[in-house]
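Commentary on secondary and tertiary structure
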2 protein chains.
Amino acid sequence: MTRIQDKRVRLVDAAKALFHTCGFHLTTLADIAQEANVPLGNVYYYFKTKESLAEAVLVKRSRELHEALQAWEQGETVKDRLLAYVQYEIDNVEQTVQSGCPIGSLCQELAKQGGSLADGAAKLLNDTLLWVEHQFQSMGMGHDSHELAEQFVAAIQGNALLTHTFKDPKILEKLKPTLSAWIDKVASSKNVSMQREKVEEYA
Amino acid sequence: MTRIQDKRVRLVDAAKALFHTCGFHLTTLADIAQEANVPLGNVYYYFKTKESLAEAVLVKRSRELHEALQAWEQGETVKDRLLAYVQYEIDNVEQTVQSGCPIGSLCQELAKQGGSLADGAAKLLNDTLLWVEHQFQSMGMGHDSHELAEQFVAAIQGNALLTHTFKDPKILEKLKPTLSAWIDKVASSKNVSMQREKVEEYA
DNA sequence: GTCTATATACAGATAGAC
DNA sequence: GTCTATCTGTATATAGAC
C-alpha cells in the first residue's frame, strides 16, 4: 500500500491499543498521534473527529473478530471450537489482566453514551454471541442454543472482569476446564432427549 | 444533621448516580454541582479534588453493599441467601439496562488507572465475592467454595454486561432459575462426597 | 499530503468578596 | 460557610504555510 495508508493504519492501531489500555475518554488524540509517530495536526487529514477514528477502530476489531471466529471454526468438534475461543482468551490473558477484555470493556464504556459507537461495540459482542449460538445449534441443542450461548459468553466476560479487577490470570485460566466440563454436561443431558428430537444438521 | 452535612450528602449522592450513568471521566464537577443544587465553587469546600469525591462515593457504595449483604444474610437457607442477591440484581435491572452493574462498571473503568480508586472499586467486588464464598462454605462446599463463588459472581457480572450492552432486562431475569438450578446441582453433587468429608459449621 | 501554530471550548481548581 | 468570578491547563479541532 501507499505511504498514506501506512499512516492511517498506524493511527488506527495506536488508537486500538490505547483505547483498550487507557479507555476511550482518557486517551487523547495527542497520545494516539505520538504512539503512531504522526504529528497531531496531521491526524485530522485522516480522521475528521476522534469519534470517526473510534469507528475505524471498531471496524478493525470487527474484522479481527471474524478472522478469529473463522480460525476457531476449524476445530473438528463443536467442543473443540468453543474451547478454541476460551483458549484464545487464555493466550491473551496478560492483556486482560492489564486492561480487561477488549470487547467487553468497549461495550461497558461506549454503551453508556449511545450513538453509533455504542452500536458498533455491541455488534462485536453480538457477533460473538451469534457464533457461539451457532455452535450449540450444530451440537443439536435446538431452542436452548441461545440461552446456552448467553451463559457461555457471560461466563467469559464475567471471568474477564474478575481477572482484570483482581489482576489475576489464573481466574481466566481455570475457566477452561470448568467450561469444558459444562459443555460435556450440557451435551450429555441433551443426548437423552435426542431420542425424541430430530438432530439438526451441522452448518 | 447540620445543613453542611446535607450538602455533602447531596454531592455524594449526585456523584454516585452520575458516575454510574455517565461514567467517572465523562461526569464533570459542574454536572454534579448542578444535580446536587450546589454552586460549583462550593464543591471544593467539601472535596478538595474530583478524586476525593469519588472516594467518598466508593465509601458510600461500600456501606450500601454491606447493608445489602446483611439483608440477604437473613434468608433461611444458603440457597435463599444467594438467590436474594440475584433477586436484588433483578429488582434493579432497569438501572443495569441503562448503565450496567454499578460495581462492575466502576471496576472496569477505574481498574485501568490504578491508584486508590481502582483499589476501592476492586474491594467492592471482592467483598461481594467473599460473601458468596462464605455462603458456599456454610453449605459445606469446603475448598471448592472459592471457585464456586467466582463462577457465581462472574455469571452475574457477565449477564449484567450483556443486559447493559443489549438493553435487555430479560437476560438478567432468566439468570435466576438458571442459578437456582445450578446451586441445586452443586449441592447435590456435594452430598455424595459429604459421606466422607466433615460437614463445616454454619457461621 | 504534511506539519506548525493556533483557535476554541471546557475541564478542574483557586481567589477572595460576602 | 457560601458563592461569583476567574485562573490555568489541556483537549478537540482548524488555519494556513510548505
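Residues numbered from 1 in each chain as written. Chains lettered and ligands numbered in written order. Predicted model: local features only at pLDDT ≥ 70, side-chain atom pairs only at ≥ 80, totals over all residues. Heavy atoms only, no water.

Some remarks on the overall build of chain A
For chain A, the helix and strand inventory stands at 10 helices and zero strands. On the principal axes, the C-alpha backbone points of chain A span a range of 65 × 35 × 30 Å. Classification of the 203 residues of chain A by burial places 51% in the buried group. Nonlocal contacts in chain A, meaning residues at least 24 apart in sequence, comprise 69% of its contacts between residues at least 6 apart. For chain A, the accessible surface area stands at approximately 9,700 Å², while carbon and sulfur atoms represent 53% of it. The average position of the 22 basic charges and that of the 27 acidic charges among the side chains of chain A differ by 4 Å. (Helix = DSSP H or I, 4+ residues; strand = E, 2+ residues; numbered from the N terminus. Buried < 20%, exposed > 50% of the residue type's maximum accessible area, 1.4 Å probe, protein only. Contact = heavy atoms within 4.5 Å. Areas by Shrake-Rupley, 256 points an atom, 1.4 Å probe, with all protein chains shown as cover. Lys, Arg positive; Asp, Glu negative; His and termini not counted. Charge placed at Lys NZ, Arg CZ, Asp CG, Glu CD.)

Quick notes on the interface of chain B and chain A
With 40 residues of chain B in contact, the opposing surface of chain A contributes 40 residues. In total, chain B and chain A occlude about 3,200 Å² of area from one another, counting both sides; carbon and sulfur atoms represent 64% of this. Here chain B is connected to chain A by four salt bridges. Here Glu-150 of chain A makes a salt bridge to Lys-174 of chain B, at a shortest N to O gap of 3.0 Å. The interface formed by chain B and chain A includes seven residue pairs in polar contact (both at pLDDT 80 or more). For the side of chain B that touches chain A, the secondary-structure elements that each account for two or more residues are helix H1 (3–22), helix H7 (102–110), helix H8 (115–138), helix H9 (145–166) and helix H10 (169–193) of chain B. Among the elements that take part in the side of chain B that touches chain A, H9 of chain B stands out by supplying 15 residues, more than any other. Tallied by class, residues from the side of chain B that touches chain A come to 16 nonpolar, 18 polar and six charged. (Buried area = accessible area lost by both parts, 1.4 Å probe. Salt bridge = Lys/Arg side-chain N within 4 Å of Asp/Glu carboxyl O. Polar contact = N/O pair within 3.5 Å; in protein donor to acceptor, adjacent residues only side chain to side chain. Nonpolar A, V, L, I, M, F, W, Y, C, P; charged D, E, K, R; others polar.)

Topic: the side chain of Glu-89 of chain A
Residue and element names in this part refer to chain A. By the element assignment, Glu-89 lies in helix H5 (residues 78–91). Buried charge without a partner: Glu-89 forms no salt bridge, and the closest opposite charge is Arg-61, 9.7 Å away. Not counting the four nearest positions on each side in its chain, Glu-89 is found in contact with Ile-156 and Leu-172.

A short note on the nonpolar core
Of all hydrophobic cores here, the largest spans 64 residues; its most connected members are Leu-11, Ile-32, Leu-82, Val-132, Phe-136 and Phe-152 of chain B. Each residue touching Phe-152 of chain B, except ones within four places of it in the same chain, is listed here: Leu-82, Tyr-85, Val-86, Val-132, Phe-136, Leu-179, Trp-182 and Ile-183 of chain B. (Core = buried A, V, L, I, M, F, W, Y, C linked by side-chain atoms within 4.5 Å.)

Re the relation of the copies chain B and chain A
If you rotate chain B by 180 degrees and push it 0.0 Å along the axis, it lands on chain A with an RMSD of 0.0 Å. Read as a symmetry element, the transformation amounts to a two-fold axis. It is Gly-158 of chain B whose C-alpha, among those of chain B, lies nearest the rotation axis, at 2.0 Å. (Least-squares fit on C-alpha atoms with pLDDT ≥ 70 in both.)

Some details on the environment of Gln-108 of chain A
By the secondary structure assignment, Gln-108 of chain A is in helix H7 (residues 102–111). Sequence separation of Gln-108 of chain A and Ala-122 of chain A is 14 residues, and the distance between their C-alpha atoms is 9.3 Å. Those residues in contact with Gln-108 of chain A that sit more than four places away from it in its chain are Ser-99, Gly-100, Ser-105, Gln-108, Leu-161 and His-164 of chain B.

A short note on the packing of aromatic side chains
Taken as a whole, this structure holds 20 aromatic pairs over all chains when the rule is applied. Ring plane angle 65 degrees and centroid distance 5.1 Å describe the contact between Phe-19 of chain A and Phe-24 of chain A, whose orientation is recorded as edge-to-face. The buried category is assigned to Phe-19 of chain A, whose relative accessible area is 5%. We classify Phe-24 of chain A as buried; its relative accessible area is 8%. Taken together through their ring pairs, the aromatic side chains of Trp-72, Tyr-85, Tyr-88, Trp-131, Phe-136, Phe-152 and Trp-182 of chain A make up a single cluster. If you follow Lys-50 of chain B out to its NZ or CZ, it ends over the ring of Phe-24 of chain B, 4.6 Å from the centre. (Phe/Tyr/Trp six-rings, centres within 6.5 Å; stacked < 30°, edge-to-face > 60°. Lys NZ or Arg CZ within 6 Å of the ring centre and 35° of its normal.)

Describing unusual backbone geometry
Unusually for a residue other than glycine, Asn-37 of chain A sits at a positive phi of about 55 degrees. Inspection of the secondary structure puts Asn-37 of chain A in the loop between helix H2 (29–36) and helix H3 (40–46).

A few points about the domain arrangement of chain A
Residues and elements named next belong to chain A. Segmenting chain A into domains produces domain 1 (1–48) and domain 2 (59–201). The C-alpha-based centres of domain 1 and domain 2 are spaced at 29 Å. In total, about 870 Å² of surface goes out of reach between domain 1 and domain 2, with carbon and sulfur atoms giving 52% of it. Ranking the residues of domain 1 by area buried against domain 2 places Lys-16, His-20 and Phe-24 at the top, with a combined share of 65%. At the boundary of domain 1 with domain 2, the tally comes to two salt bridges. We note a salt bridge from Glu-64 to Lys-16, for which the minimum N-O separation is 3.1 Å. In this assembly, domain 1 and domain 2 are joined by six residue pairs in polar contact (both at pLDDT 80 or more). (Domains from an automatic or database assignment.)

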